[in-house]
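# Architecture at a glance
Each chain, letter by letter, is given below.
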Amino acid sequence: MRIDVVTIFPDYLRPLELALVGRAASRDLVDIQTHDLRAWTHDVHRTVDDSPYGGGPGMVMRPEPWDAALRDIVARDPSRRPRVVVPTPAGVPFTQSYAAELAEQDWLIFCCGRYEGIDGRVVDAWADDEISIGDYVLAGGEVATLVMVEAVTRLLPGVVGNAESIIDDSFAHGLLEGPVYTRPPVWEGRAVPEILRSGDHAAIARWRREEALRRTRRRRPELLDRIELSDADRAVVASTIVAAHGGGDDPPVTGVEDAVTAAGAAGVVEDAVTVAERGTIGDGPAPSGCASSHCS
Ligand code: JD8
């Protein structure tokens, strides 16, 4: 894959020379070229911005340098058509499936805006995708490009060893990963969960699935609506919520069997997740769920 990046801060992309992406480039699995947009200006100040039409704060990137840069870069290989990506907070969300789609292309061009962004006409003329990496405000498209290039590069054939790629990523199976541990077996009085040292691979796989389900329910409950859950999975999910009981008359339910029993007693056994959503059996207050103030 070839990747071109156009920016007024080429040094901002230097991390692409390091670690996984840098190693992929040195093995010719990806060819990454960064370009200084100011090379396509002609005035002595190498101006890339101007005031916004309609007024308002800040400056907007002028269309002419962008168009000149993109024409030039595209003309370097007339046999291929690149996918042109513009990072913007107003874009469609970047996801693992988006990364996978971009990884199938053989040429990507990332256009890194600054200031209030790039003139809308040149974006309309050139962009195949306007993509946001998340709901927070960056100062420009460079960091978003680093994120997307890393996510895409690690999906290219040969970049990550087979053993690792077969191992399911978070999002590949639709659940958050649970915690991981290495030596020592006890650190600062905290022991590694005994099951992981048991050698019982089936039990370990079940435990990991449960940890992933519990963590996903607490931190990213909306992810559970997008995947298929077995009856065993749904019982784990239900017990997780019920354990987060917020203080009604009924006691918190902490085990799978208890959750199912309590749900049954309350006449809602047809959907354990409905009980889960409420967090208590009966009319108690909603569960607090995740302790993080960032978790709604
Ligand atoms: C590109 C300029 C800054 C944009 C005023 C300050 C992506 N998830 C994301 N958050 N922010 C960006 C992003 C921000 C950018 C540019 C991407 C170019 N800015 C701006 C408009 C409003 N500021 C992003 N992907």
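Thresholds, definitions, all that
Residues numbered from 1 in each chain as written. Predicted model: local features only at pLDDT ≥ 70, side-chain atom pairs only at ≥ 80, totals over all residues. Heavy atoms only, no water. Helix = DSSP H or I, 4+ residues; strand = E, 2+ residues; numbered from the N terminus. Buried < 20%, exposed > 50% of the residue type's maximum accessible area, 1.4 Å probe, protein only. Arc of directions from axis to C-beta. Contact = heavy atoms within 4.5 Å. UniProt positions renumbered as here; feature names shortened; annotations may be inferred. Pairing = 2+ DSSP bridges. Axes fitted to C-alpha atoms, helices over the stretch in contact; angles between N-to-C directions. Phe/Tyr/Trp six-rings, centres within 6.5 Å; stacked < 30°, edge-to-face > 60°. Core = buried A, V, L, I, M, F, W, Y, C linked by side-chain atoms within 4.5 Å.

### With respect to unusual backbone geometry
Going from Arg-183 to Pro-184, the amide bond is cis rather than trans, its omega being 0°. Tracing the chain through its elements places Pro-184 in the loop between helix 6 (162-166) and strand 8 (186-187). A positive phi is found at Tyr-115, a non-glycine position, where the angle reads about 55°. Note that Tyr-115 resides in the loop between strand 6 (107-111) and helix 4 (120-126). With a relative accessible area of 37%, Tyr-115 lands in the partly exposed category.

### Remarks on helix 3 (residues 96-103)
Those residues of helix 3 lying buried are Tyr-98, Ala-99, Leu-102 and Ala-103. Along the long axis of helix 3, the arc covered by the buried residues comes to 140°, so they all point the same way. Buried residues along helix 3 sit against strand 5 (83-93), strand 6, strand 7 (129-132) and helix 5 (142-153).

### Some details on the UniProt feature "binding site: S-adenosyl-L-methionine" (unreviewed entry) in the chain
Residues annotated in UniProt with the feature "binding site: S-adenosyl-L-methionine" (unreviewed entry) correspond here to Gly-113, Ile-133, Gly-134, Asp-135, Tyr-136, Val-137 and Leu-138. Within the fold, Gly-113 resides in the loop between strand 6 and helix 4. With relative accessibility at 10%, the residue Gly-113 sits in the buried group. When near neighbours in sequence (up to four residues on either side) are disregarded, Gly-113 contacts Met-61, Ile-118, Gly-140, Gly-141 and Glu-142. By the secondary structure assignment, Asp-135 is in the loop between strand 7 and helix 5.

### Remarks on the sheet that holds strand 2 (residues 31-36)
The five strands are arranged 2-1-6-5-7 in an open sheet whose pairing can be described as parallel. The open sheet has two free edges, formed respectively by strand 2 and strand 7, since each of these has just one partner strand. Averaged over all pairs of adjacent strands, the angle between strand axes in this sheet comes to 30°, irrespective of strand direction. Of the pairings in the sheet, the one linking strand 1 (residues 2-7) to strand 6 comprises five bridges and is parallel in character. Residue pairing across strands places Val-6 opposite Cys-111, the latter belonging to strand 6. Set on the sheet, helix 2 (residues 63-75) makes contact with strand 1, strand 2 and strand 6; between it and strand 6 the angle comes to about 165°.

### Brief notes about the pairing of strand 6
The buried fraction of strand 6 is high, at five of five residues. Burial along strand 6 is two-sided: the residues Trp-107, Ile-109 and Cys-111 and Leu-108 and Phe-110 are all buried. Here three bridges tie strand 5 to strand 6, and the two strands are oriented parallel to one another. The residue bridging Arg-83 from the neighbouring strand is Leu-108, located in strand 6.

### A closer look at the packing of aromatic side chains
The geometry of an aromatic ring pair comes down to the distance between the two centres and the angle between the two planes. Inspection of every chain in the model, using the stated rule, returns two aromatic pairs. Measuring from centroid to centroid gives 6.3 Å for Phe-94 and Tyr-98, while their planes differ by 35°, and the two rings are tilted. Tyr-98 carries the same exposure label as Phe-94, and that label is buried.

### A few points about the environment of Ala-68
For Ala-68, the location among the structural elements is in helix 2. As a C-alpha pair, Ala-68 and Leu-37 span 31 residues in sequence and 9.2 Å in three-dimensional space.

### Some words on the nonpolar core
For soluble globular proteins, nonpolar side chains are generally found buried alongside one another. Ile-3, Phe-94, Leu-102, Phe-110 and Met-148 are the most contacted members of the largest nonpolar core, which totals 28 residues. When contributions to this core are tallied by element, the ones reaching two or more residues are strand 1, helix 1 (19-26), helix 3, strand 6 and helix 5. A per-element tally of this core places helix 5 first, with six residues. The residues touching Met-148, leaving out its near neighbours within four places in the chain, are Val-85, Pro-87, Phe-94, Phe-110, Ile-131 and Ile-133. Counting residues in each nonpolar core, the second largest holds 19 residues, with Ile-8, Val-48, Val-84 and Val-86 among its members.

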